[in-house]
Amino acid sequence: MRSWIFPALDRRVVEATPQQVIATGAAGAAYSGDGVDGERGWRRAGTGGHREVPWWTLEKARIYSVAAYRVNPMARAIIDTYTSFCVGDSGVSYQVTNPQVAAIVDEFWHDPRVQLGGLQERLLRDHLLMGETALQLLVGELSGVTRICPTPISQITDVRLAGGNPLWPAELVFGDGGAGGLALSVAAVNDLTGLREGKVMWWRSWMALIDDLRGEPFLAPILDHLDSYDQVISNLIDRTALARYLVWDVTVEGDQNAVNEFVAARGGMHTPPSGAVEVHNDKVTWKPQTAETRAEEDSIAGKNVLTLIAGGAGLAKTWLAEPDGANRATSLTMAEPVRRRVGGVQKMWLGYQTELLRFVVDQAVRARRLPQLVTAQDPRTGQQWQIPAAQTVTVTGPSISASDAEFTAKILLNLSTGLEKMVKAGALSAEAARIAARKAWEDYMGVPYTADLDSPDANPDDVAQAVDDAQREQRDAAAGKGFDPYQPRDKDGRWSHTPGGDLGGPDPPALPRRRDRPGTGDAFKPRPPARHLLRTGASGDRNRLTREWASVLDGTYAGLTVRTTSADPENFDGLTLVMADAEILDDDGNRVGQLLRAIVDGDDGPYAVHGYLKLDPHVQGGGFARALNAHLERWYRQAGVTHIELKANIDVGGYAWARAGYDFKSPADAIRIIGRLEDYVGRAERGLLNIPADRVDEQIRAADELLERARTSTFGTVDFPSAYEIAMLGWWPGAGRDDVWIGKVTLLGSAWNGVKPL
């Protein structure tokens, strides 16, 4: 800064020094400086008149921003305040007005390899500190499944524009920009298809000018002030320590001999201890000497610097550190501009997240897992219309408005009173007042106004039922529930369509029937219903619960005996269940295995969970599991169990359970296996699978047809491929245990959640 007290007589006083102008790039093509040797008049080739911030300034700002967050408490307070208000508290969520699109968005949001909901704080914090975010987009070519990979923005060496328009970044170059560099296309809407495409999602923020190309760290304007604040506080601490400095200036009349005699008489030159009495004559004078710290000046300077920091960060001092004598009313008044600034940052961030989710939806449309136009419903009026699938997605965040319910209630009350008086006076129509009231509801409550709110005289029982249904839907969506035991299948009760006889022989074995009626097979003696087991578990009588489970499980199956050892009631993740442990014995009474089974109290009725079944290797392959499960399924149907769930993940479990008639529980499970199938199709094309040479082409063709069905149909419909179909994909009559087909190798060693209706 130039001096305002002694300005140069021949120059006008300006805001910034030439060094600052050069460092910020504000001069454009007028004058600049080389960041290496400081040469004046230098400018980067091709920059023209742009006032872009030089790369070395941006890199320094990013370095110091990260360092400040890690070591400077005030910098951390600023960043964490914005992060907490924008994405903290209730967190970031999404709203989708179409159920088909909602399934795709939910799959991406809860993908264990993405976990976007749990990354929001880290992502926003990184964006605040760096000013930019670059996410490499990893998209399955056939499945359309999207995942992300953060890419260091400091490795970006060039930004290529479409048509020279700074608003249209086309490519980011990572590395040297030459043969060794990596150029990735920036995600944007394709004008021909109307779908988003690209290899990297690039967000840039806090740019000063419309033609700036690079984002700037949020802390950049206040980094120097943060350092100054640290320095002032350090000086203040040093002065506080200096204030403890004290010496005694003792004057003794006489010569040096008199001084020596006084010191000898005292026994040394030590400082008198606190509370001591020093006795001397009028020839000796004691005078304390202290240092004047002028700490008040540092305190005032610290407050002034903090004011600059708070103003530059868009926060009030009362939000950072010092209440500064402000009462509650003053703090609330000061907070309104701050809320608007924080709200602006949140709006920007939620816009970025919305664009990311819309990209994900567009990839599902491109892979034909979704139609490009879907039906959307206006939550206010209930009106429906056709819009692009991506437009049904919106990301929302926690409310930044005052959390005081009394404050909100007073505003709505005053508004309603005013609207009522205006309607009575004829200054406003009833319809206009209704529109204003709806707008006020959305602004202050933060949720859409729905048509059912127009009925204040609604039946309370109906309202309670609607709330209950909504909560159940939210719980199911959060749990990724994707199975309906009453989902209609084809006319034969099969899981889904089966490819015709195009594999060189008759159709594969018939798919398991969806619902075999009770009474088939061996005679079946009555056993306790599932509800009875749940009631016994609720009573806490474990001995009785063990006996009842034993009446179900105990018996001999394919030469091995099951004996129930214990049973317990549990509450897990909000669900009530009763489970039983049992041991498996051979003919000699030796323990050769163990199993766990459970009954869960579900929303649609009790269902069974097959926890685990372990057998020693020397007794495997004898038909025990088949006999036991057949017995249990007969009891399940008699006992009122709706379906069976299990985790197919042990050795050949992923393949074996699919052959046994278990289907995918959720879209995420299905898409994961579809992705594996895509991978194994590629391996088959490269000749990496041990498939007979004369069958490779027909298996690849059949797999492509099944993948096409997966792309063009929705999970849960008849046309969507089932786990059984994948398991039998490429099977031929006469294929044995050691033969290889593409569906078998896809599911061997896979892990997925399975479900089987009863």
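Residues numbered from 1 in each chain as written. Predicted model: local features only at pLDDT ≥ 70, side-chain atom pairs only at ≥ 80, totals over all residues. Heavy atoms only, no water.

Colleague: I'm lost on the overall build of the chain in this one. Help?
Modeller: When helices and strands are tallied, the chain shows 21 helices and 22 strands. Looking at the chain as a whole, 39% of its 758 residues qualify as buried. Long-range contacts, defined here as pairs at least 24 residues apart, represent 63% of the contacts in the chain between residues at least 6 apart. Of the roughly 41,500 Å² that the chain leaves accessible, carbon and sulfur atoms contribute 53%. (Helix = DSSP H or I, 4+ residues; strand = E, 2+ residues; numbered from the N terminus. Buried < 20%, exposed > 50% of the residue type's maximum accessible area, 1.4 Å probe, protein only. Contact = heavy atoms within 4.5 Å. Areas by Shrake-Rupley, 256 points an atom, 1.4 Å probe, with all protein chains shown as cover.)

Colleague: Is there a simple way to explain the sheet that holds strand S2 (residues 132-139) in this structure?
Modeller: Within a beta sheet, neighbouring strands are joined by backbone hydrogen bonds and run either parallel or antiparallel to one another. Overall, antiparallel pairing links the three strands, which are arranged S3-S2-S9 in an open sheet. The open sheet has two edge strands with one neighbour each: strand S3 (146-151) and strand S9 (200-204). Neighbour to neighbour, the strand axes of the sheet diverge by 25° on average, direction disregarded. Contacts between helix H5 (residues 116-130) and the sheet are confined to S2, S3 and S9, with S2 contributing the most and set at about 140° to the helix. (Pairing = 2+ DSSP bridges. Axes fitted to C-alpha atoms, helices over the stretch in contact; angles between N-to-C directions.)

Colleague: I would appreciate a short explanation of the pairing of strand S20 (residues 643-648) in the present structure.
Modeller: Note on strand geometry: in a regular strand, side chains alternate between the two faces of the sheet. Most of S20 is tucked away: five of the six residues are buried. Where strand S19 (residues 605-615) lies against S20, three bridges are found, and the strand directions are parallel. By the bridge assignment for S20, Ala608 is matched with Ile644. Each parallel crossover has a hand, and the one from S19 via helix H16 (residues 624-639) to S20 is right-handed. (Right-handed = clockwise from strand over helix to strand, strands pointing away.)

Colleague: Looking at this structure, I do not really get H5. What am I missing?
Modeller: Residues separated by three or four positions in an α-helix point in the same direction, a consequence of the helix having 3.6 residues per turn. Arg122 marks where H5 bends most, by close to 30°. Gly131, located one to two residues past H5, shows a positive phi value of around 85°. (Bend = angle between axes of the 7 residues up to and from the residue.)

Colleague: Can you walk me through the sheet that holds strand S4 (residues 156-161) in this structure?
Modeller: The antiparallel open sheet is built from three strands, whose spatial order is S4-S5-S6. Of all strands in the sheet, those bounded by a partner on one side alone are S4 and strand S6 (182-185). Averaged over all neighbouring strand pairs, the angle between strand axes comes to 25°, with direction disregarded. Pairing geometry for strand S5 (residues 169-174) and S6, over four bridges, is antiparallel.

Colleague: Explain the packing of aromatic side chains to me, please; I cannot follow it from the model alone.
Modeller: Ring pairs (aromatic) are described by centroid distance and by the angle formed between their planes. Within this structure, the stated rule accounts for 15 aromatic pairs. Between the aromatic rings of Tyr655 and Trp741, the centroid separation amounts to 6.4 Å while the plane-to-plane angle is 65°, which identifies the pairing as edge-to-face. One end of the pair, Tyr655, is in helix H17 (residues 653-659); the other, Trp741, is in the loop between helix H20 (723-727) and helix H21 (742-747), with 86 residues separating them in the sequence. Across the pair, Trp741 and Tyr655 agree in class, each one buried. (Phe/Tyr/Trp six-rings, centres within 6.5 Å; stacked < 30°, edge-to-face > 60°.)

Colleague: I would appreciate a short explanation of unusual backbone geometry in the present structure.
Modeller: A negative phi holds for most residues other than glycine; trans holds for most peptide bonds. Even without being a glycine, Gln115 presents a positive backbone phi close to 50°. As for its placement among the helices and strands, Gln115 is situated in the loop between helix H4 (99-109) and H5. Positioned with a positive phi, Arg368 is a non-glycine residue whose angle comes to about 65°. Mapped onto the fold, Arg368 is located in the loop between helix H10 (328-366) and strand S12 (373-377).

Colleague: Teacher, can you tell me more about the packing of helix H3 (residues 73-87) against H5 here?
Modeller: Any two packed helices are characterised by the angle at which their axes cross and by the distance between the axes. Between H3 and H5, whose axes approach to 10 Å, the crossing angle comes to 135°. On the basis of the axis angle, H3 is oblique to H5. The element H3 and its partner H5 pack so that their crossing is right-handed. Touching Ile79, Asp80, Tyr82, Thr83, Cys86 and Val87 of H3 are Gln120, Glu121, Leu124, Arg125, Leu128 and Leu129, all from H5. Considering only residue class, the contact of H3 with H5 consists of seven nonpolar, two polar and three charged. (Parallel < 35°, antiparallel > 145°, perpendicular 65-115°, else oblique. Left-handed = near helix turned anticlockwise from the far one by under 90°. Nonpolar A, V, L, I, M, F, W, Y, C, P; charged D, E, K, R; others polar.)

Colleague: Whenever I open this one, the nonpolar core confuses me. Can you help?
Modeller: Inside soluble globular proteins, nonpolar side chains tend to come together where they are buried. Membership of the largest hydrophobic core comes to 68 residues, with the highest contact counts inside it found for Trp549, Ile599, Tyr636, Ile742 and Trp752. If you look at the next biggest cluster of nonpolar residues, it comprises 54 residues, including Met74, Trp109, Met201 and Ile222. (Core = buried A, V, L, I, M, F, W, Y, C linked by side-chain atoms within 4.5 Å.)

Colleague: Where do I start with a nonpolar patch on the surface in this structure?
Modeller: A contiguous nonpolar surface patch, about 380 Å² in accessible area, is contributed by Leu167, Trp168 and Ile210. Position of Trp168 among the secondary structure elements: in the loop between S4 and S5. Under the relative-accessibility criterion, Trp168 is labelled exposed at 51%. (Patch = residues over 30% accessible without salt bridge, like charges linked within 9 Å, V, L, I, M, F, W, Y side chains within 5 Å. Salt bridge = Lys/Arg side-chain N within 4 Å of Asp/Glu carboxyl O.)

Colleague: How do you make sense of helix H2 (residues 55-71) when you look at a structure like this?
Modeller: Taking 1.5 Å of rise per residue, the 17 residues of H2 would be expected to cover 24 Å, and the 24 Å separating its terminal C-alpha atoms lies within 8% of that figure. Within H2 the residues assigned to the buried category are Trp56, Leu58, Ala61, Arg62, Ser65, Ala68 and Tyr69. (Expected span 1.5 Å × (residues − 1).)

Colleague: When you look at the packing of helix H18 (residues 667-685) against helix H19 (residues 696-712) in this model, what are you seeing that I'm missing?
Modeller: One way to put it is that H18 packs onto H19 with a least axis distance of 10 Å and a crossing angle of 155°. Here H18 lies roughly antiparallel to H19, going by the angle between them. The handedness of the crossing between H18 and H19 is left-handed. Residues Ile674, Leu677, Glu678, Val681, Ala684 and Glu685 of H18 form the contact with H19, whose participating residues are Val696, Ile700, Ala703, Asp704, Leu706, Leu707 and Ala710.

Colleague: Where do I start with the pattern of salt bridges in this structure?
Modeller: Any two side chains of opposite charge can pair, on the condition that their charged atoms come close. Inspection of every chain in the model, using the stated rule, returns 27 salt bridges. A salt bridge links Asp601 to Arg531; the shortest N-O distance between them is 2.8 Å. Here Asp601, found in strand S18 (residues 591-602), pairs with Arg531, found in helix H14 (residues 530-539); they are 70 residues apart in sequence, far enough to count as distant. Taking the relative accessible area as the measure of exposure, Asp601 reaches 30% and is therefore partly exposed.

Colleague: Can you help me understand the environment of Ala598 in this one?
Modeller: As for its placement among the helices and strands, Ala598 is situated in strand S18. It is 9.4 Å that separates the C-alpha atoms of Ala598 and Asp568, two residues lying 30 residues apart in sequence.

Colleague: Explain the side chain of Glu548 to me, please; I cannot follow it from the model alone.
Modeller: By the element assignment, Glu548 lies in helix H15 (residues 542-553). Sequence-distant contacts of Glu548, defined by excluding residues within four places in its chain, comprise Pro528, His532, Leu533 and Thr536.

Colleague: When you look at the environment of Leu533 in this model, what are you seeing that I'm missing?
Modeller: If you trace the backbone, Leu533 turns up in helix H14. For the pair Leu533 and Thr546, spaced 13 residues apart in sequence, the C-alpha to C-alpha distance is 9.7 Å. Those residues in contact with Leu533 that lie beyond four places of it in its chain are Leu545, Glu548, Trp549, Val578, Ile599 and Trp635.

Colleague: Would you mind going over the environment of Phe174 with me for this structure?
Modeller: Along the polypeptide, Phe174 turns up in strand S5. Measuring from C-alpha to C-alpha, the distance between Phe174 and Gln155 comes to 5.4 Å, with 19 residues separating the pair along the chain. Ignoring anything within four residues of it in the chain, the contact list for Phe174 reads Thr151, Pro152, Gln155, Ile156, Thr157, Gly181, Leu182 and Leu184.

Colleague: Looking at this structure, I do not really get the confidence of the model for the chain. What am I missing?
Modeller: Regions with low pLDDT should not have their predicted coordinates read in detail. Overall, the prediction assigns the chain a mean pLDDT of 76, with 69% of residues at 70 or greater. Mean pLDDT across the secondary structure elements of the chain bottoms out at helix H13 (residues 460-478), with 47, and peaks at S9, with 94. Here residues 325-334 is a poorly scored stretch, pLDDT under 50, and it has seven contacts once near neighbours within four places are set aside; other chains count. Low pLDDT, under 50, characterises residues 463-468; the stretch is placed with one contact to residues that sit more than four places away or in other chains. (pLDDT = per-residue confidence, 0-100.)

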